[in-house]
Amino acid sequence: RSLGRRLSAALLLVAGASVWSATPAAAEPLPSYIYGIDNNNNIQEINTATQTATQVYTNGTIPAGVSNAFAYDSVRDQFFFIDSASNLLFWNRSGDPSLLANAATLGVASQPGNAAYYDNAYWFFQETTNTLEKVSLTYTSNVPTGVAVSTFALTQSGGSWTNTFGDIAINPITGML
């Protein structure tokens, strides 16, 4: 054999041995997060991979009382919720939450216990009613700057609803509530 062939065979053997003897790295789970607002109006981030919670916002300006109807815009990394005075606030991970709409603009009689964000809108049911509210948001440089409220009265044959449930979700592929 020629020296070139023996050298190629030896390099292949060494390269092959190192490939076959290498131990594969353990796959790290990708982080996945759940967000929520606690009874003191602090925003929590729960990492489901590491099973740890981190407080990402410490309340300093939201009036006393429990906030609810928490929703998340994963595209802009923004949080929306209704405070104890039934005002719609948003927070974009810097500074304090900002007022988007007051209770009168939203037409909220009592604080809702549910919300979802979908397609540039904040959605919620009026508490104990069949009324679904869509708060369409307009944006300037990825900051919500305007709202328009649409109301949908839902009907059900054979009875009435009380809608005292908690969370709602919208399928981002189908738009189905």
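Note: the structure precedes this text.
Residues numbered from 1 in each chain as written. Predicted model: local features only at pLDDT ≥ 70, side-chain atom pairs only at ≥ 80, totals over all residues. Heavy atoms only, no water.

### Comments concerning the pattern of salt bridges
Right, so step 1: Overall, the coordinates contain 3 salt bridges when judged by the stated rule.
Right, so step 2: Residue Arg93 is joined to Glu45 by a salt bridge in which the shortest nitrogen-to-oxygen separation is 3.1 Å. Within this pair, whereas Arg93 is found in the loop between strand 6 (88–91) and strand 7 (98–101), its partner Glu45 is found in strand 2 (residues 43–47), the two being separated by 48 residues in sequence.
Right, so step 3: Accessibility expressed as a relative area gives 30% for Arg93, which makes it partly exposed. (Salt bridge = Lys/Arg side-chain N within 4 Å of Asp/Glu carboxyl O. Helix = DSSP H or I, 4+ residues; strand = E, 2+ residues; numbered from the N terminus. Buried < 20%, exposed > 50% of the residue type's maximum accessible area, 1.4 Å probe, protein only.)

### So, the sheet that holds strand 6
Right, so step 1: Here 4 strands make up an open sheet; going across it, the order is 4-5-6-7 and the pairing antiparallel. At either end of the open sheet lies a strand with only one pairing partner, and these are strand 4 (68–73) and strand 7. Shown here is a sheet whose adjacent strand axes are inclined to one another by a mean of 30°, direction ignored.
Right, so step 2: Across 4 bridges, strand 5 (residues 78–82) lies against strand 6 in antiparallel orientation. Bridge assignment links Phe81 to a residue of strand 6, and that residue is Leu89. (Pairing = 2+ DSSP bridges. Axes fitted to C-alpha atoms, helices over the stretch in contact; angles between N-to-C directions.)

### Section: the packing of aromatic side chains
Right, so step 1: For the structure shown, the criterion picks out 13 aromatic pairs.
Right, so step 2: Measuring from centroid to centroid gives 5.3 Å for Tyr57 and Trp91, while their planes differ by 50°, and the two rings are tilted. Of this pair, Tyr57 sits in strand 3 (residues 52–57) while Trp91 sits in strand 6, placing them 34 residues apart in sequence. For the pair Tyr57 and Trp91, a shared accessibility class is recorded, and that class is buried.
Right, so step 3: With centroids separated by 6.1 Å and ring planes inclined at 20°, the aromatic side chains of Trp123 and Phe152 adopt a geometry described as stacked. One end of the pair, Trp123, is in strand 9 (residues 121–125); the other, Phe152, is in strand 11 (residues 143–153), and 29 residues separate them in sequence.
Right, so step 4: Residue Phe152 is classed as partly exposed on the basis of its relative accessible area, which comes to 35%.
Right, so step 5: These aromatic residues form a ring-pair network of at least three members: Tyr33, Tyr35, Tyr57, Phe70, Tyr72, Phe79, Phe81 and Trp91.
Right, so step 6: For Arg76, the ring lying beneath its charged end belongs to Tyr139, and the centroid distance is 3.6 Å. (Phe/Tyr/Trp six-rings, centres within 6.5 Å; stacked < 30°, edge-to-face > 60°. Lys NZ or Arg CZ within 6 Å of the ring centre and 35° of its normal.)

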